[in-house]
Amino acid sequence: VTAARTGEADVQTVPMAVSVLPGIELARMQDHTVEHIASRAPGVTFSQNTGRAQVTIRGIGTNAVAPGSDPSSALYLDGVYLATPAMGLAVFLDLDRDEVLRGPQGTLYGRNSLGGAINLITKAPTNDREATIRVSGGSDGTFRVDGRVSGPIIPGRLMGSGAILRGVRTGNVRDLNHLGSPLGGEDVIGARGQLRLVINPRSELRISADTTDGDPAPLYYSKILAVKP
């Protein structure tokens, strides 16, 4: 803790452990999920429990994943609290940066951030016209395509952006009950749209919506091996 002398009072500042992943790095590594982001931040772990996300920061988390339960490490998207644990499994597109704050963040992020907070910040539409597309492939039948468009609708007043992702990958864990459907694969479609209305130089309104549709056989549904005939 450090203290700085001002004209009338002492102002104390407390150092904060923060990791920031820029959007260009997230795009290069194709990190679109909290699971991928957590693997690149010290002290952060990610797991799944019955189809819901569990985020632990510095060993602080919770096993309560039912809808309405309060986690101990919070997840935010553009400053909006993602309260349902299942939302941690969504695909997050068009990210400008990701901030991982380790340690209690109750002053800024409320009582559910005892372990810390992950703040996902998306790119705001601007007057610059942009269009990008990326296609990639790999082993295990991996194929992924993602794209983004952004630009003005009414220059200087109303701007919009949209992003989409389609990814497939064959699973690499053999399921003895369903030999034709290995576990651990990927079959996901994600999309995000955003509108930005500039009201005046000091005020603006942003409306955004996103969706994720994943349909692989999840790895956490695997069963203990049993003796087969």
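To start, this report covers the structure provided alongside it.

Scoring rules and cut-offs
Residues numbered from 1 in each chain as written. Predicted model: local features only at pLDDT ≥ 70, side-chain atom pairs only at ≥ 80, totals over all residues. Heavy atoms only, no water. Phe/Tyr/Trp six-rings, centres within 6.5 Å; stacked < 30°, edge-to-face > 60°. Buried < 20%, exposed > 50% of the residue type's maximum accessible area, 1.4 Å probe, protein only. Pairing = 2+ DSSP bridges. Helix = DSSP H or I, 4+ residues; strand = E, 2+ residues; numbered from the N terminus. Salt bridge = Lys/Arg side-chain N within 4 Å of Asp/Glu carboxyl O.

Once that is clear, we can look at the packing of aromatic side chains. Taken as a whole and assessed by the stated rule, the structure comprises two aromatic pairs. Arranged with centres 5.4 Å apart and planes meeting at 45 degrees, the rings of Tyr-76 and Tyr-81 form a pair that is tilted. The buried category is assigned to Tyr-76, whose relative accessible area is 8%. By relative accessible area, which is 28% here, Tyr-81 ends up partly exposed. Taken together, Tyr-76, Tyr-81 and Tyr-109 form an aromatic cluster joined through their ring pairs.

What follows covers the sheet that holds strand S8 (residues 95–102). The mixed open sheet is built from five strands, whose spatial order is S3-S8-S9-S6-S7. Each edge of the sheet is formed by a strand with only one pairing partner; in this case those strands are strand S3 (17–22) and strand S7 (80–81).

Take the pairing of strand S5 (residues 52–57) next. On a regular strand, one side chain projects to one face of the sheet and the next to the other, so that they alternate. By the criterion of burial, S5 is predominantly enclosed, with five of the six residues buried. Pairing of strand S4 (residues 44–49) with S5, which is carried by six bridges, proceeds in the antiparallel orientation. Bridge pairing links Asn-49 to Arg-52 in S5. Joining the antiparallel neighbours S4 and S5 is a turn of two residues, in which Thr-50 adopts a positive phi near 50 degrees.

Once that is clear, we can look at unusual backbone geometry. It is generally the case that most residues other than glycine have a negative phi and that most peptide bonds are trans. With phi around 55 degrees, Gln-30 is a residue other than glycine that occupies positive phi space. Topologically, Gln-30 is positioned in the loop between helix H1 (23–28) and helix H2 (34–38). We classify Gln-30 as buried; its relative accessible area is 18%. Backbone geometry at Arg-58 places phi at a positive 55 degrees, although glycine is not the residue there.

Across all of its chains, the model carries 13 salt bridges by this definition. Between Glu-25 and Arg-28 there is a salt bridge whose closest N-O contact spans 2.8 Å. Of this pair, Glu-25 and Arg-28 both sit in helix H1, three residues apart, which is roughly one turn of that helix. Since its relative accessible area comes to 30%, Glu-25 is described here as partly exposed. By relative accessible area, which is 51% here, Arg-28 ends up exposed. Here Arg-196 and Glu-204 are joined by a salt bridge, their closest N and O atoms 3.0 Å apart. Residue Arg-196 is classed as buried on the basis of its relative accessible area, which comes to 18%. In the salt-bridge network here, residues are joined through shared partners; they are Asp-78, Arg-192, Arg-206 and Asp-210.

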